[in-house]
Amino acid sequence: MDSEVGPLRAVLLHRPGNELKRLTPRNNDQLLFDSIPWVDRAQAEHDAFAEVLRSRGVDVLLLADALRTALEDDRAHAAGVHAAVDDRRLGGDLADSLRSHLSGVDAAGLAEVLMAGMTFEELPSAEGASLVRMMNHPHDFAVDPLPNLLFTRDSSVWIGDRVAVSSLNMPARRRETAVLDLIYAYHPQFRHAARAYGAHSAPIEGGDVMLLAPGVLAIGVGERTTAAGAESLARSVFADGIAHTVLAVPIEQSRATMHLDTVCTMVDADAVVMYPLARDSLTAFTLRPTGDGGVKVAGPAPFLVAAAEAMEIDRLRVIDTGLDPVTAEREQWDDGNNTLALAPGVVVGYERNVETNERLEAAGIEVLPIAGSELGSGRGGPRCMSCPIRREPLR
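The rules behind the values
Residues numbered from 1 in each chain as written. Predicted model: local features only at pLDDT ≥ 70, side-chain atom pairs only at ≥ 80, totals over all residues. Heavy atoms only, no water. UniProt positions renumbered as here; feature names shortened; annotations may be inferred. Helix = DSSP H or I, 4+ residues; strand = E, 2+ residues; numbered from the N terminus. Rg over C-alpha atoms; globule rule 2.2 N^0.38 Å. Buried < 20%, exposed > 50% of the residue type's maximum accessible area, 1.4 Å probe, protein only. Contact = heavy atoms within 4.5 Å. Lys, Arg positive; Asp, Glu negative; His and termini not counted. Charge placed at Lys NZ, Arg CZ, Asp CG, Glu CD. Patch = residues over 30% accessible without salt bridge, like charges linked within 9 Å, V, L, I, M, F, W, Y side chains within 5 Å. Areas by Shrake-Rupley, 256 points an atom, 1.4 Å probe, with all protein chains shown as cover. Salt bridge = Lys/Arg side-chain N within 4 Å of Asp/Glu carboxyl O. Pairing = 2+ DSSP bridges. Phe/Tyr/Trp six-rings, centres within 6.5 Å; stacked < 30°, edge-to-face > 60°. Core = buried A, V, L, I, M, F, W, Y, C linked by side-chain atoms within 4.5 Å. Axes fitted to C-alpha atoms, helices over the stretch in contact; angles between N-to-C directions. Parallel < 35°, antiparallel > 145°, perpendicular 65-115°, else oblique. Left-handed = near helix turned anticlockwise from the far one by under 90°. Nonpolar A, V, L, I, M, F, W, Y, C, P; charged D, E, K, R; others polar.

An unreviewed UniProt entry lists the chain under the name Arginine deiminase, with Amycolatopsis nalaikhensis as the source organism. Per UniProt, the comment on the chain under Sequence similarities (unreviewed entry) is "Belongs to the arginine deiminase family." Turning to the chain, the UniProt record has this under Catalytic activity (unreviewed entry): "L-arginine + H2O = L-citrulline + NH4(+)".

Right under this line is the structure:
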């Protein structure tokens, strides 16, 4: 895969499940959600999103199905049990008891625990006293749920013919790495997929990685992706020969701009939709290989200038979101900049971002609107909710 906008042919999505039902006013901040979603409505909205993709010829693979299939392999099952049980949290005896229990459940049961977690009340009964069990509330988590699995863009990203499993920075999301590792290692569809980068390297998240053009990546550096992570990924893609230029783009470290794709996404081969306040403030450091295994760094320079130069085009067309600062800020918060391209000039966006969608249409971009009143409660739009697996090359 060499772009953000080549015709999309296959994508990994995660239909919201029981992990969202674990969210309460007591834990939603810790689990990175801004409100408690209505799960049935979120599932209906996600089903409609998936159907839009299928109607445009996209093969949709659901993460839960892929995980259950992977866990049918005995080696994956053992690795899944290891990923679920945290000795430091549970203590040796309770951890051993849970490991023994999970080793005996089927692939579907283990997948559910890995995704939706397990409370102390749900732990298998065990003889003898456990201070850990007694001192935790029955509804506390012995295995944390992963409600952010919904945002499959962040946990893995395909670059060229390789997949990079992300090193997720926030504690609530770190175990997602193990889930994606299992899928890419043991699902028949991915068993021979080559890897880029290392899942246990410095933090980098897929929402910060943008394939601007064949051989050209932009990587946001902010709340979720560190400078060390961006440099590590750059060195990896240079060594694998799947990129010749990486732009490291500093972004504000805030909830509103957690990833690069919250302020900017590609909508055509030479066009982006962008939050107006970022248009003039975004800068970029340009990284290129030295030829002897090293990396040379230049800049910073204005992002739009550096991007156009790396892409070898005269300029990158910019479509602003909102006609005034207040509207722009509202629609940026509601993921107006977070569109998913299905082909050059065809994108999926939330229907609630009326001003942004009108500006996209006026610029010749076809917008396929979807509902997102509940899906957006974790701060993520159509791009966040999708990990493209295969796109046709740009012609």
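**A look at the overall build of the chain**
When helices and strands are counted, the chain shows 14 helices and 19 strands. Taking 395 residues into account, the globule formula puts the C-alpha radius of gyration at 21 Å, and the chain, at 21 Å, falls close to it. Taken along the three principal axes of its C-alpha coordinates, the chain extends 70 × 50 × 35 Å. Going through the 395 residues of the chain one by one, you find that 58% of them count as buried. Long-range contacts, defined as pairs at least 24 residues apart, comprise 72% of the intrachain contacts of the chain with a sequence gap of at least 6. Between the centroid of the 37 positive side chains of the chain and the centroid of its 56 negative side chains there is a distance of 2 Å.

**Focus: a nonpolar patch on the surface**
Together, Leu-131, Met-134 and Met-135 make up a nonpolar patch on the protein surface, roughly 410 Å² of accessible area in all. With respect to the helices, strands and loops of the structure, Leu-131 is situated in helix H7 (residues 131-135). The exposure class of Leu-131 is exposed, given its relative accessible area of 59%.

**Observations concerning the environment of Val-39**
Of note, Val-39 is situated in helix H1 (residues 39-55). If sequence neighbours within four positions are ignored, Val-39 has contacts with Gly-17, Leu-20 and Lys-21.

**Some points on unusual backbone geometry**
Looking along the chain, the bond that leaves Gly-299 and enters Pro-300 is cis, with omega of 10°. For Pro-300, the location among the structural elements is in strand E14 (residues 295-302).

**Re the side chain of Thr-119**
Note on placement: Thr-119 falls in strand E3 (residues 118-119). Since its relative accessible area comes to 5%, Thr-119 is described here as buried. Discounting chain neighbours no more than four positions away, the residues touching Thr-119 are Arg-22, Pro-138, His-139, Asp-140, Phe-141 and Ala-142.

**Considerations on the UniProt feature "active site" (unreviewed entry) in the chain**
According to UniProt, the positions carrying the feature "active site" (unreviewed entry) are Cys-384. With respect to the helices and strands, Cys-384 occurs in the loop between strand E18 (366-370) and strand E19 (387-391). Classification of Cys-384 as buried rests on a relative accessible area of 3%.

**Quick look at the pairing of strand E13 (residues 283-289)**
Each regular strand carries side chains that alternate between the two faces of the sheet. Here strand E10 (residues 245-250) runs beside E13; their pairing, made up of three bridges, is antiparallel. Directly across from Ala-248, in E13, lies its bridge partner Phe-285. Connecting E13 to the antiparallel partner E14 that follows it, the hairpin turn spans five residues, and Gly-291 within it adopts a positive phi of roughly 100°.

**Overview of the packing of aromatic side chains**
A full pass over the atoms with the stated rule returns three aromatic pairs. Residues Trp-158 and Tyr-184 carry aromatic rings whose centres are separated by 5.8 Å and whose planes lie at 75° to one another, so their mutual orientation is edge-to-face. In this pair, Trp-158 sits in strand E5 (residues 156-159) while Tyr-184 sits in helix H9 (residues 176-186), placing the two residues 26 residues apart along the sequence. We note that Trp-158, like Tyr-184, is buried. Taking 6.1 Å as the distance between ring centres and 40° as the angle between the ring planes, the aromatic pair formed by Trp-158 and Phe-190 counts as tilted. One end of the pair, Trp-158, is in strand E5; the other, Phe-190, is in the loop between H9 and strand E7 (194-195), and 32 residues separate them in sequence. A network of ring pairs unites the aromatic residues Trp-158, Tyr-184 and Phe-190 as a single cluster.

**Topic: the nonpolar core**
The biggest cluster of nonpolar side chains holds 65 residues, and the ones touching the most others in it are Leu-67, Leu-71, Leu-114, Val-179, Tyr-184 and Val-237. If sequence neighbours within four positions are ignored, Leu-67 has contacts with Ala-111, Leu-114, Met-115, Val-179, Leu-182 and Ile-183. Among the nonpolar cores identified, the runner-up in size contains 36 residues, and Met-210, Leu-247, Leu-282 and Ala-310 belong to it.

**Considerations on the packing of helix H2 (residues 63-70) against helix H6 (residues 107-116)**
Helix-helix packing: each pair is described by the crossing angle between the helix axes and the interaxial distance. In the contact formed by H2 and H6, the axes pass within 8 Å of each other and the chain directions differ by 130°. Considering the angle they form, H2 stands oblique to H6. The two elements H2 and H6 meet at a crossing, and its hand is right-handed. For the pair H2 and H6, the contacting residues are Leu-63, Ala-64, Leu-67 and Arg-68 in the first and Ala-107, Ala-108, Ala-111, Leu-114 and Met-115 in the second. Among the residues forming the contact of H2 with H6, the class breakdown is eight nonpolar, no polar and one charged.

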